[in-house]
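# Residue-level structural notes
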Amino acid sequence: MNPSALRAVTAPAQPDLDLILPQLTEAFAATAADHDRDASFPFENFQALHQHGLLALTAPARLGGLEADLPTTLRVIQAVARGEPATALVLLMQYLFHASLEGRGGFTEALKVQVVRDAIADGALINALRVEPELGTPARGGLPATVARRTAEGWSLSGRKIYSTGSPALTWMIVWARTDEATPRVGGFLVHKDAPGRRIEETWDHTGLRASGSHDVVFENTPIPAHHALDPKPPGAPQAPDPAMAVWSPVLTAAIYDAVAHAARDWFVRWLIARKPANLGASLSTLPRFQELVGEIDGLLLQNKVLLDGAAAGRLGPAQGGLVKHLVTENAIAAVEKAIAASGNPGLSRHNPLQRHYRDVLCGRIHTPQADVVLTGAGKAAFASLAAADPAVTRLAED
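Attention in this report is confined to the structure presented alongside it. None of the values given here were measured: they were computed from a predicted structure.

## With respect to the overall build of the chain
A tally of helices and strands in the chain yields 12 helices and eight strands. For 399 residues, the compact-globule estimate of 2.2 N^0.38 gives 21 Å, and the chain sits close to it at 23 Å. If you line up the chain on its principal axes, its C-alpha atoms span 80 × 65 × 40 Å. Sorting the 399 residues of the chain into buried and exposed places 48% on the buried side. Pairs at least 24 apart in sequence give 72% of the contacts found in the chain among residues at least 6 apart. If you sum the accessible surface of the chain, you get close to 18,400 Å²; carbon and sulfur atoms cover 55% of it. One way to put it: in the chain the 36 positive side-chain charges average out to a point 1 Å from where the 40 negative ones average out.

## Focus on the side chain of Asp36
Within the secondary structure, Asp36 sits in helix α1 (residues 17–38). Classification of Asp36 as buried rests on a relative accessible area of 7%. When neighbours within four sequence positions are excluded, Asp36 is seen to be in contact with Arg210, Arg350, Arg356 and Arg359.

## Quick look at the pairing of strand β3 (residues 154–164)
Across the 11 residues of β3, eight count as buried, placing the element largely inside the fold. Relative to β3, strand β2 (residues 147–150) is paired through four bridges, and the arrangement is antiparallel. Its bridge partner lying in β3, Arg150 is registered against Trp155. Taking the residues between adjacent antiparallel strands as the criterion, β2 and β3 are bridged by three residues. Note: β3 against strand β7 (residues 215–225), eight bridges, orientation antiparallel. Bridge pairing links Lys161 to Val217 in β7.

## A look at the packing of helix α3 (residues 70–83) against helix α4 (residues 85–99)
It is the contact of α3 with α4, at a shortest axis distance of 6 Å, that shows an interaxial angle of 155°. Classed by the angle they form, the pair α3 and α4 counts as roughly antiparallel. Mapping the contact onto sequence places Thr73, Val76, Ile77, Val80, Ala81 and Gly83 in α3 and Pro85, Thr87, Ala88, Leu91, Leu92 and Tyr95 in α4. Taken together, the residues of the contact of α3 with α4 sort by class into nine nonpolar, three polar and no charged.

## Overview of the environment of Gly236
Relative to the elements of secondary structure, Gly236 occurs in the loop between β8 (229–233) and α6 (243–274). Put simply, Gly236 and Leu157 are 79 residues apart on the chain and 22 Å apart in space, counted from C-alpha to C-alpha.

## Observations regarding the layout of surface pockets
Taken as a whole, the second largest pocket spans an internal volume of roughly 330 Å³. As for the second largest pocket, its lining consists of 16 residues, of which Leu74, Arg75, Gln78, Ala79 and Arg82 are closest to the centre. Secondary-structure elements contributing two or more residues to the lining of the second largest pocket are α1, α3, α6 and α7 (288–312). Sort the elements by how many residues they give to the lining of the second largest pocket and α3 lands first, with six residues. Counted by class, the lining of the second largest pocket contains eight nonpolar, three polar and five charged residues.

## Concerning empty space enclosed by the protein
A full pass over the atoms with the stated rule returns two cavities of 30 Å³ or more. Here the largest cavity defines a volume of roughly 50 Å³. Lining the largest cavity are Ala32, Asp36, Glu84, Pro85, Leu209, Arg210, Ala211, Arg356 and Asp360. Those elements that provide at least two residues to the lining of the largest cavity are α1 and α10 (354–362).

## Concerning α4
Taking 1.5 Å per residue, 15 residues should reach 21 Å; α4 reaches 20 Å between its end C-alpha atoms and fits that length. Its side-chain oxygen 3.2 Å from the backbone nitrogen of Ala86, Glu84 forms the N-cap of α4.

## Describing the pattern of salt bridges
For the structure shown, the criterion picks out 21 salt bridges. With a closest N to O distance of 2.9 Å, Arg160 and Asp216 form a salt bridge. Of this pair, Arg160 sits in strand β3 while Asp216 sits in strand β7, and the two are 56 residues apart along the sequence. Look at Arg160 and you get partly exposed, because its relative accessible area is 28%. By relative accessible area, Asp216 is classed as buried at 11%.

## Comments concerning the side chain of Ser158
With respect to the helices and strands, the residue Ser158 is situated in strand β3. What makes Ser158 buried here is its relative accessible area of 17%. A distance of 2.9 Å separates the side chain of Ser158 from the backbone nitrogen of Asn221, its partner in a polar contact. With near-sequence residues (within four places) excluded, Ser158 lies in contact with Ala145, Thr146, Val147, Arg149, Phe219, Glu220 and Asn221.

## Re the packing of aromatic side chains
All told, the structure shown has seven aromatic pairs when counted by the stated rule. Arranged with centres 5.5 Å apart and planes meeting at 10°, the rings of Phe41 and Phe46 form a pair that is stacked. The class for Phe41 is buried, based on a relative accessible area of 9%. For Phe46, a relative accessible area of 7% corresponds to the buried category. For the pair Trp155 and Phe189, a centre-to-centre distance of 5.5 Å together with 70° between the ring planes defines the contact as edge-to-face.

About the criteria used
- Residues numbered from 1 in each chain as written.
- Predicted model: local features only at pLDDT ≥ 70, side-chain atom pairs only at ≥ 80, totals over all residues.
- Heavy atoms only, no water.
- Helix = DSSP H or I, 4+ residues; strand = E, 2+ residues; numbered from the N terminus.
- Rg over C-alpha atoms; globule rule 2.2 N^0.38 Å.
- Buried < 20%, exposed > 50% of the residue type's maximum accessible area, 1.4 Å probe, protein only.
- Contact = heavy atoms within 4.5 Å.
- Areas by Shrake-Rupley, 256 points an atom, 1.4 Å probe, with all protein chains shown as cover.
- Lys, Arg positive; Asp, Glu negative; His and termini not counted.
- Charge placed at Lys NZ, Arg CZ, Asp CG, Glu CD.
- Pairing = 2+ DSSP bridges.
- Axes fitted to C-alpha atoms, helices over the stretch in contact; angles between N-to-C directions.
- Parallel < 35°, antiparallel > 145°, perpendicular 65-115°, else oblique.
- Nonpolar A, V, L, I, M, F, W, Y, C, P; charged D, E, K, R; others polar.
- 1 Å grid on protein atoms, 1.4 Å probe; cavity = no way out; pocket = protein on both sides within 12 Å on 5 of 7 lines; lining within 4 Å.
- Points joined across faces, edges and corners; volume = space filled by probe spheres on them.
- Expected span 1.5 Å × (residues − 1).
- Polar contact = N/O pair within 3.5 Å; in protein donor to acceptor, adjacent residues only side chain to side chain.
- Salt bridge = Lys/Arg side-chain N within 4 Å of Asp/Glu carboxyl O.
- Phe/Tyr/Trp six-rings, centres within 6.5 Å; stacked < 30°, edge-to-face > 60°.

Everything listed is a geometric property; what it means functionally is a separate question.
Printed below as a string of structure tokens:
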């Protein structure tokens, strides 16, 4: 395929986000409890996103995408997550891939055109499948057990990936694997959903983000065209840094959990207004105790807004992205926990959404970058920065 093939696809019009986003939030929230209860995948949410031209929001403009900046993307992710956060997580993976597409190694021009064209024309989704049963996440090192073997036509892929977010709806999967060469190389292999030997095992039965469809995906001698090997490299080979993604990824990930906390806060405030105990004869919202508590929650969420907006606007650098994700996530969890503690049994009732928001917001601690990596890295950077500015510090450390 060449870039001219894209001309047959109508690029999405610039969406009216002021009009669209509140509608999407409301629509997604209306079915969120059903998907949470059944752990069912929200296909209809992605149909709506496709209809509104939002699945190629961050794709390069030259390929037909809207090439949205980070503040605009942040706004969309927050609106979607406020309605249904698992949908936002799958959408986030799409946005990060499209936003970094131009600099991705191994992607030929034809492949770039195809994945964006598929998103615009058919609502195709893409995500990287990296985590494995024995390895865990490659973010902490190690070789994948998934193997790509050379064939006359290209490659044959065999292995199992777990926590494969969005698996029921993915058209394209970038599968992290090692080659079977004498000196193995490691990298991504692009797999289409219709490739033989690929199957989904529905293993996802999680406490939170239950609608994300993060099932196991198994590959058994799945054929891969030669040009779908995305420039695998020797293990440990240096990779060119992507400063933009160092901000985009943690900011947008954190935004999902901030949005969940906002949804929890809104329910809690409405509940306080509606709740009128007989012995009080007035709404709980009239009590100073609850007024102060809502003020505390809003203070945490204001801190999040300052952090997220500042990072999205470029006022914080790539080195601070991990801290932003950590701080926003912890503030979001604290905000929901305050509402849970104050609401008592109603907050934990399956009939009310607060317990669902709590289960969802806790997932923020699991997503990369995790707290220990972020905080250790920040500490090391502080020591290194001071040592660079004051050589005497280094001499003291050596004595």
